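Take a look at the letters that make up each chain.
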Amino acid sequence: AQSVSQHNHHVILSEAASLELGCNYSYGGTVNLFWYVQYPGQHLQLLLKYFSGDPLVKGIKGFEAEFIKSKFSFNLRKPSVQWSDTAEYFCAVMDNNDMRFGAGTRLTVKP
Amino acid sequence: GAVVSQHPSWVICKSGTSVKIECRSLDFQATTMFWYRQFPKQSLMLMATSNEGSKATYEQGVEKDKFLINHASLTLSTLTVTSAHPEDSSFYICSAPEGGPNNEQFFGPGTRLTVL
């Protein structure tokens, strides 16, 4: 099964700073890629997903992610974060009906 | 988007008792549902894949006799934690893909289990 690595355990930013969260999966093939967000006390919500096509995917709330097949990566970006983006972010890879999550990155945005 | 519900949202039980958690897809059918466990400040760990009309597939290290899964219909999967112990206390989350197993997963809100 795939393993998913999220490089940053905890990221602290000031409002308006740019964000990039790393995500790598372990091996190639046809995979579906996801970023989920979990706000404090709430359940997982889908930010964006990549199935095929344009490797630059735009999601909700101004987030985007780029799939780089050669690097097995699917990094999440946002040009200008807001205090309300404070949450836990999970990268997930679906490979042959098997979905695996990264360990998560906690983002704290200081007002 | 599709909606997945879980019941109960939280439960407290005594050690040695069994607890049943339901996962329902409200507006779509799901032949496959997934059960995850999430420890505080950690990621989701896949426990098992629930298959409608057949046995569940358990991940390595997950005791199938302790975590009983029944996928009775195309909209309902249940997870029963048998003879619960304090170390079973956790957040249990289910998900279901809409439109086929490899499609987008929709997650339930989770069930917090506390075993005293």
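For the structure, check the block above.
Just so it is clear, the structure is predicted and the values come from calculations on it, not from any experiment. (Residues numbered from 1 in each chain as written. Chains lettered and ligands numbered in written order. Predicted model: local features only at pLDDT ≥ 70, side-chain atom pairs only at ≥ 80, totals over all residues. Heavy atoms only, no water.)

K.L.:
Please clarify how the side chain of B:Glu59 should be interpreted in this entry.
P.N.:
By the element assignment, B:Glu59 lies in the loop between strand E6 (57-58) and strand E7 (67-73). The exposure class assigned to B:Glu59 is buried, which follows from its relative accessible area of 17%. (Helix = DSSP H or I, 4+ residues; strand = E, 2+ residues; numbered from the N terminus. Buried < 20%, exposed > 50% of the residue type's maximum accessible area, 1.4 Å probe, protein only.)

K.L.:
Whenever I open this one, the interface of chain A and chain B confuses me. Can you help?
P.N.:
Accessible area lost when the parts come together is the quantity often used to give the size of an interface. Each side of the interface is counted separately: chain A has 20 residues, and chain B has 18 residues. If you sort the residues of chain A by the area they bury against chain B, A:His43, A:Asn97 and A:Phe101 come out on top, with a joint share of 29%. Put simply, chain A and chain B have one salt bridge between them. For A:Arg100, the salt bridge is made with B:Glu59, and the minimal N-O distance between the two is 2.5 Å. Here chain A is connected to chain B by four residue pairs in polar contact (both at pLDDT 80 or more). Those elements that place two or more of their residues in the side of chain A that touches chain B are strand E5 (32-38), strand E6 (45-50), strand E10 (87-95) and strand E11 (98-101) of chain A. Of the residues belonging to the side of chain A that touches chain B, the class tally is 10 nonpolar, six polar and four charged. (Contact = heavy atoms within 4.5 Å. Buried area = accessible area lost by both parts, 1.4 Å probe. Salt bridge = Lys/Arg side-chain N within 4 Å of Asp/Glu carboxyl O. Polar contact = N/O pair within 3.5 Å; in protein donor to acceptor, adjacent residues only side chain to side chain. Nonpolar A, V, L, I, M, F, W, Y, C, P; charged D, E, K, R; others polar.)

K.L.:
Hey, could you run me through the pairing of strand E4 (residues 32-38) of chain B in this one?
P.N.:
Residues in a regular strand project their side chains so that they alternate between the two faces of the sheet. Residue and element names in this part refer to chain B. Extensive coverage of E4 is indicated by the burial of seven of its seven residues. Burial of the side chains of E4 extends over both faces: Thr32, Phe34, Tyr36 and Gln38 are buried on one face and Met33, Trp35 and Arg37 on the other. Pairing of E4 with strand E5 (residues 44-51) involves seven bridges; the strand directions are antiparallel. In the strand pairing of E5, Tyr36 is matched with Leu46. The loop that links E4 with its antiparallel partner E5 comprises five residues; one of these, Lys41, has a positive phi angle of about 60°. Inspection of the sheet shows E4 paired to strand E9 (residues 90-97) by five bridges, in the antiparallel sense. Within E9, the residue paired with Arg37 across the bridge is Tyr92. (Pairing = 2+ DSSP bridges.)

K.L.:
Before we go on, may I ask you to explain the nonpolar core in this structure?
P.N.:
One finds A:Trp35, A:Leu48, A:Phe74, A:Leu76 and A:Tyr89 to be the most contacted residues of the largest nonpolar core, which totals 28 residues. Where this core is concerned, the elements lending two or more residues are strand E2 (10-14), strand E3 (19-21), E5, E6, strand E8 (64-68), strand E9 (73-78), E10 and strand E12 (105-110) of chain A. At four residues, E10(A) tops the list of elements feeding residues into this core. With residues near it in sequence (within four places) discarded, A:Phe74 still touches A:Cys23, A:Leu33, A:Phe34, A:Trp35, A:Leu48, A:Lys49, A:Tyr50, A:Val57, A:Ala65, A:Glu66 and A:Phe67. Residues B:Ile21, B:Ala56, B:Val81 and B:Leu113 belong to the second largest nonpolar core, which totals 25 residues. (Core = buried A, V, L, I, M, F, W, Y, C linked by side-chain atoms within 4.5 Å.)

K.L.:
Looking at this structure, I do not really get the layout of surface pockets. What am I missing?
P.N.:
If a probe as big as a water molecule is rolled over the atoms, it shows which places are left empty. Each pocket or cavity is described by its volume, and for the largest pocket that value is around 460 Å³. Along the wall of the largest pocket there are 22 residues; nearest its centre are A:Gln38, A:Pro40, A:Gly41, A:Glu88 and B:Lys41. For the lining of the largest pocket, the secondary structure elements donating two or more residues are E10 and E12 of chain A. In terms of residue class, the lining of the largest pocket is made up of nine nonpolar, nine polar and four charged. Here the element with the most residues in the lining of the second largest pocket is E5(B); it accounts for three residues. (1 Å grid on protein atoms, 1.4 Å probe; cavity = no way out; pocket = protein on both sides within 12 Å on 5 of 7 lines; lining within 4 Å. Points joined across faces, edges and corners; volume = space filled by probe spheres on them.)

K.L.:
Before we go on, may I ask you to explain the environment of B:Ser15 in this structure?
P.N.:
Residues and elements named next belong to chain B. With respect to the secondary-structure elements, Ser15 resides in the loop between strand E2 (10-13) and strand E3 (19-25). Taking the C-alpha atoms as reference, Ser15 lies 5.4 Å from Ala84; in sequence the two are 69 residues apart. Side-chain polar atoms of Ser15 contact the backbone oxygen of Ala84, separated by 3.4 Å.

K.L.:
Can you walk me through the pattern of salt bridges in this structure?
P.N.:
Side chains carrying opposite charge are able to pair once their charged atoms draw close together. Throughout the structure, instances matching the rule amount to seven salt bridges over all chains. In this structure, B:Glu22 and B:Arg24 form a salt bridge, with 3.5 Å as the shortest nitrogen-oxygen distance. The exposure class assigned to B:Glu22 is partly exposed, which follows from its relative accessible area of 22%. Residue classification places B:Arg24 among the partly exposed residues on the basis of a relative accessible area of 33%. Each of A:Lys58, A:Glu64, A:Glu66 and A:Arg77 takes part in salt bridges that share partners, so that together they form one network.

Purely geometric stuff here, so don't read any function into it on its own.
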